[in-house]
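# Structure assessment
Here are the chains, one letter per residue:
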Amino acid sequence: MKFTQRTTHRPRFAWHAMLLATIYTCLMFTSFDIYAKDSSVKPTLAQKFSINASKTISRRLSGLERDCDGDEICERIIELCEDRAFCLELLRICLDDPELCEEILEEDECEVEGDGEECDEMRECDDDEEDCDDMRECDDDDEECDDMRECEEDEEDCDDIRECDEDDEDCDDMRECDEDDEDCDDMRECDEDEEDCDDIRECEEDQEDCEDMRECDEDEEDCEDIPECDENSEECEDIPECDENSEECEDIPECDENSEECEEAPECDESSEECEDAPECDESSEECEEAPECDESSEECEEAPECDESSEECEEAPECDENNEDCSDTPECNEEDEDCTETPDCDEENEEECEASVTEQPSGYVNPNPAADRTIMTVSTEAANDASRFLTHATFGGSYATISQVASIGPDMWLEQQFEQPVGYTMPFTQYLVNRVIRYEEENEDLNDEQLEAIYELIGDPERYWVDGWWTQVMTSPDMVRQRVAMALSEIFVVSANVEEIGANNYAMATYYDVLLENSFGNFRDLLKAVTLSPTMGFYLSHIHNAKADPTKGTFPDENYAREVMQLFSIGLYELNTDGTRKVDGSGNFIPTYGQEDIREFAKIFTGLSWDSCDPNAFGKMDIFELECEDDADTFTRQMKMYEEHHEPGVKSLLNGQVVPAGQSGMQDIDAAIDNLFNHPNVGPFIGKQLIQRLVKSNPSPDYISRVSAAFNGETGSARGDMKAVLRAILLDPEARRSPSEAATSDGRLREPFLRVVHLMRAFNATSSDNTFSDDGYEMAATLRQYVLSAPSVFNFYLPNYAPNGEIKDAGLVAPEFQITNASTIIDIKNVIYYSLETGQVLANSGALPAEKLDFTEELAIASDVDALLDRLDTVMTYGSMTSETKAIIKDTLESINDNETRVATAVYLIAISPDYAVAI
Amino acid sequence: MKHNQLSRRRFLRHSGHALSAMTLAGTAQLGAMAKASAQSNSEYKALVCVLLAGGADSFNMLVPTDNTHYQEYANTRTDLALAQNQLLALNGAQNNGRTLGLHPAMTGLQSLFNSGNLAFLSNVGTLVQPTTTQALANGTAKLPLGLYSHSDQISQWQTAVPDFRSGTGWGGRMADILASQNSNQRISMSISTSGANEFQAGRATDYYSVGTPDFPTATLEGAAQSLGNKSRQDAIDQMYSSEYNNLFRRAYRKLFNDSSAANAEFSAALQGTSNFTTQFAGDEFSTQMQMVAKTIAAHQTLGMQRQTFFVTLGGWDHHDELTTSLQTLLTMLDAGLSSLQQAINELGMANQVTTFTTSDFARTLSSNGRGSDHGWGGNAMIMGGSVRGGSVYGTYPSLALGNPLDTGRGVLMPTTSLDEYFAELALWFGVAPSVLNDILPNLNRFYSAGTNNPAPIGFMS
């Protein structure tokens, strides 16, 4: 990890806290203003996603003085913060590197005073300095303007300047930059052979990769603010700024076509086939549609020649011309200018410091999961539909590439391969983010709570890093089946982030989910015990610190966990047959599995558990911050331990006539109780049916349940409770595998609303520049009424036997997911989908981590053929189960759309909101 | 520890805040002076639950004004204490030997109290059973889960279940029993202006989430977007009029169509109401209040005999900046509640609508130097024409540190359980005494419901 120690030996700036406060205030106001300007406009869901957090903060901070009262730095901040993305980056720089922060903020001063000493170290020239002459924006009557990068398109000289290759001397000063972008001066085009490049601070002359590091596609928010990277820096790996090996590089605009590194993103001319996505484009190049280098005849150029016209950021960032005053602040340096050489940027003499001044990149986290294999195998539609259906059951879903790969291997074989995948734990990324925020806190002790809190808003909500850990694994971990099964288990063994003592504790939540992941392919007994001993569960169902009876006080053990472990986690309320139907007694009544007396006995068993802490008095301390051991912040990562003195002594009776003898240790008691429950004949049908409901269908036939029970009971050759055997039985059962055309009208289930969102992201290859994913989830949880580990109670989001009024109830069927589907949510989810497709972004990611983007490359490739597109989407989204009527309606709509992107987005939207997709049959 | 404290505050912003962004766009209806003409159904009743999310410092809302007890208050609250001469006088507000007054921002509520339309209930809170501070100290008290914790306390004030984490709220449980009285079964009797909540989660009923007067219901975004010669809406309409064989798809299709119809019906009903003379402020809370008033005005059109409303005003977790923030929020609360009552009066329905406040807890009486921390029992308000207003109910506690109710730092053990508070409201709302314990399962530890028994507290007439 490359968090430098530089702040320890650099001076702390007296104004640092004030400065940060100003930045975040700016940030809040700028984002708030977008919304506040026009209150007559109904805020869209997308807007709500983006501004929700800021809005509450800005209201809280409304008392803070925004007026700078003439303070130049303050004014400078406000100016810089007009660009929200840059403001965010500025904050990050100022947190990480106060000195660089100061340099940035004092640039203007330097320009005003001209010969000030501070200016010597600034990379920007003062415009009074001769050396600077060549470097800045010039008037069009200035001869030296020939060399200038920015040109008005009606200038003749421009023709030669715009596109140049490395032989053209004039080229060295050319670059593409927009004047609002501070970092622009760093981003000049430079070929490494060129002498003139020597002094360009962002580049070392011998750094081959340098040229790839400067230009950024301007519609990538993160990009514009990431000036500092050299190729030796590990942290640079993840930036959107590309190197040639990076898939994200498609959009690199500036490249010399002779440069080897440029292979994937050459400076385009019309003869270059590789030019497809390169925004720097010759105007005659047809591929340049989106972001051509403009000339006046190009219609697309109207607003912002350097910009993709769909990019909001670009609107305010025109190419400079001489009439544009804003352009005067973007000077350049050339090699004669000595002052320009002492820059904060790196050269090889300066490697150490250089390393230190490297700005931390979006996450700085290197996700060990590989990028998704996007290879598409050639398989039949039938096989693809079959695999897609299997993936809908067994995973969160996949793109067509994944589907085709599974189809080519076959679901059975692929499932066995999945069983061998290593566990994709959520903790590592969570831990990384926790460490980072701790570092921020330590380095910024002079900030008050509110200032820190505002910063948290920007670097990600520190209570929700476990969510980022979850998303990142769900989106990238190769153990797709395990990730999905753990989600299903989390809806049986429910804990909820709604209880803040655990929900706001990353260790508690990430560890709990990891326990589920770890045991998803193990044995149910181990799972049940691990859940029982989880301090997160202990907190949620209050059996942590559960003490033995105290006759003098008249207290008894807490019965909460004793009840739920039986009712919900193992055996259920009534004796079951192996096919899941309830047994009846001689009078035709259902037979309860346990009574109140049993609950009291089990309550005794679950006494004496508390933190695994070195604090000998840990028992009873609810708040981990009260524990006396300093490093106990991660206590939630360890199983609870037994405090014998608080454990109920004596004989206890279990179910089915078993007893635990007196004199055993507390943990022996727990083991005996877990065994007692685990061996109860109800577990197979009770847990098996619920897993079928989560993964496959709401109303499994008794035969299907029987087969799963048999697998649980060890009748398929595995040990009792073997989860792999259970999952094979569930996922490969003929009732699960039969095609939609063979399905009964009562088959299927309503997709869980939250999983619809996850599926969209996976089906359409949501990617982010650093392969991490981030969401605070509050908005989605409120909108969808579902989110990972966020059920309203231990009874999950819905009951397994919920039946909505109408045909389903009348037919004696259940449809649990309908319980959270009402007049609001049934529309809200469609709007979530709409905005996800409009923006390409689904998650309300924090400012700290790069946003994800949906990627429709696979669909766009076939979009000109409506039938092919629809068949493909039918496979990916509804595995061939779309009705012909729905298909015809959508086809009719798509045929009137000529633009392929709109066509794909519309097709995906209409399918995603259709009953065909909402219900997986 | 810093981080831990932050956690608690951060949570609040979100927990009370669901979907409320919708309401920002609302603007007060001005100008139209036509008297609202709702033909009131004399049997109609509405309960408006106002949740002050975050734990309102209600011992700075209702404050002793007589010298002795003001001094006790000032000694305990130190830098948080309001100036004695700024407190608003309440006519006849005597309780437990104290004369009580209001925070200076609550001028509208002062008038409502003095005109008999507002009552206070003092030191009410979550309790599993009657207990004492001694029992608390020696560990024998049965206490609510997660006492002093936002998440559990804000939940228990909605579920009225203090000893386990319930999936249903007492408003939802009332709706389970009462919803059948409404002729309209297409729209829930539980209306939320603040989105998802626990109060209105029933076993068989659910809340209906509404937006602002300008955008009353959820609508499909971008549906009108033109695509070639069609719009998304065209395609959606066609898909949702298709026939499906699969029962789940049929059910989903029907639910969507029913929902769309319900939303259209609701919007049209609201559109059909006359504008109020009453002017509502443009902030989020008053916009919600306006939405409540308009919905009540439309009750006849909507076919509603009983309705509950859930409204949240968040931001009360004043660990710091208490004095200024409280001023801001109470001004907002005062304006919103006053406007609501005024609009209901316009409708001539004052006796049929009762508004009450809830909050996670009150706060420590002692200061942390900038604000106050999480407490327990606090003061609630009940507003409406059926309220026996002008009085303070319950027992206004001693504010001296170390008094018998002080569990530490001026965290006061409640002397009235929220079960009793809610029972009185439920009885007024029409819940039969025989089923009161189904609505409030913890009530029987404090009050015995019976046909001839007097009301638990007596603040409703």
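Keep in mind the model is a prediction, meaning the values are calculated, not measured.

## Points about the confidence of the model for chain A
All names here are of chain A. Scored by pLDDT, chain A comes out at a mean of 73, with 60% of its residues at no less than 70. A low-confidence stretch, residues 29-67 stays under pLDDT 50, and its non-local contacts, those more than four residues away or across chains, total 61 contacts. Segment residues 108-361: pLDDT under 50, and 414 contacts once partners within four positions in sequence are set aside and those in other chains are kept.

## With respect to the environment of A:Ala719
Residues and elements named next belong to chain A. If you trace the backbone, Ala719 turns up in the loop between helix H25 (702-712) and helix H26 (723-731). We classify Ala719 as exposed; it has 10 C-beta atoms within 10 Å. Taking the C-alpha atoms as reference, Ala719 lies 45 Å from Pro850; in sequence the two are 131 residues apart. Dropping the residues within four chain positions of it, Ala719 is found in contact with Asn523 and Gly714.

## Brief notes about the packing of helix H24 (residues 683-695) of chain A against H25(A)
Pairs of packed helices are described in terms of their axes, by the angle between the two and the distance that separates them. All names here are of chain A. Two elements in contact, H24 and H25, have axes separated by 8 Å at closest approach and are oriented at 120°. With respect to their mutual orientation, H24 and H25 come out oblique. Like other packed secondary-structure pairs, H24 and H25 cross with a definite hand, here right-handed. Residues Val683, Gly684, Pro685, Gly688, Lys689 and Ile692 of H24 form the contact with H25, whose participating residues are Tyr704, Ile705, Val708, Ser709 and Phe712. Class assignment for the residues of the contact of H24 with H25 results in 7 nonpolar, 3 polar and 1 charged.

## Quick notes on the pairing of strand E5 (residues 118-125) of chain B
All names here are of chain B. Burial analysis of E5 places 8 of its 8 residues in the buried class, the great majority of the element. Note that E5 and strand E12 (residues 378-383) share 5 bridges and pair antiparallel. Across the sheet, residue Phe120 finds its bridge partner in E12, namely Met381. Bridge count for E5 against strand E13 (residues 392-394) is 3 bridges, and the pairing is parallel. Residue pairing for E13: Phe120 is matched across the bridge by Val392. Sheet topology places E5 next to strand E14 (residues 416-417); 2 bridges connect them, and they run parallel. By the bridge assignment, Val124 is partnered in E14 with Thr416.

## Focus: unusual backbone geometry
All names here are of chain B. If you check the backbone angles, Asn96 has positive phi at about 55° while not being a glycine. In this structure, Tyr148 takes a positive phi of about 70° despite not being glycine. Take Tyr148: it is sitting in the loop between helix H4 (133-138) and helix H5 (150-159).

About the cut-offs
Residues numbered from 1 in each chain as written. Chains lettered and ligands numbered in written order. Predicted model: local features only at pLDDT ≥ 70, side-chain atom pairs only at ≥ 80, totals over all residues. pLDDT = per-residue confidence, 0-100. Contact = placed C-beta atoms within 7 Å. Helix = DSSP H or I, 4+ residues; strand = E, 2+ residues; numbered from the N terminus. Buried ≥ 20, exposed ≤ 12 C-beta atoms within 10 Å, placed from the backbone. Axes fitted to C-alpha atoms, helices over the stretch in contact; angles between N-to-C directions. Parallel < 35°, antiparallel > 145°, perpendicular 65-115°, else oblique. Left-handed = near helix turned anticlockwise from the far one by under 90°. Nonpolar A, V, L, I, M, F, W, Y, C, P; charged D, E, K, R; others polar. Pairing = 2+ DSSP bridges.

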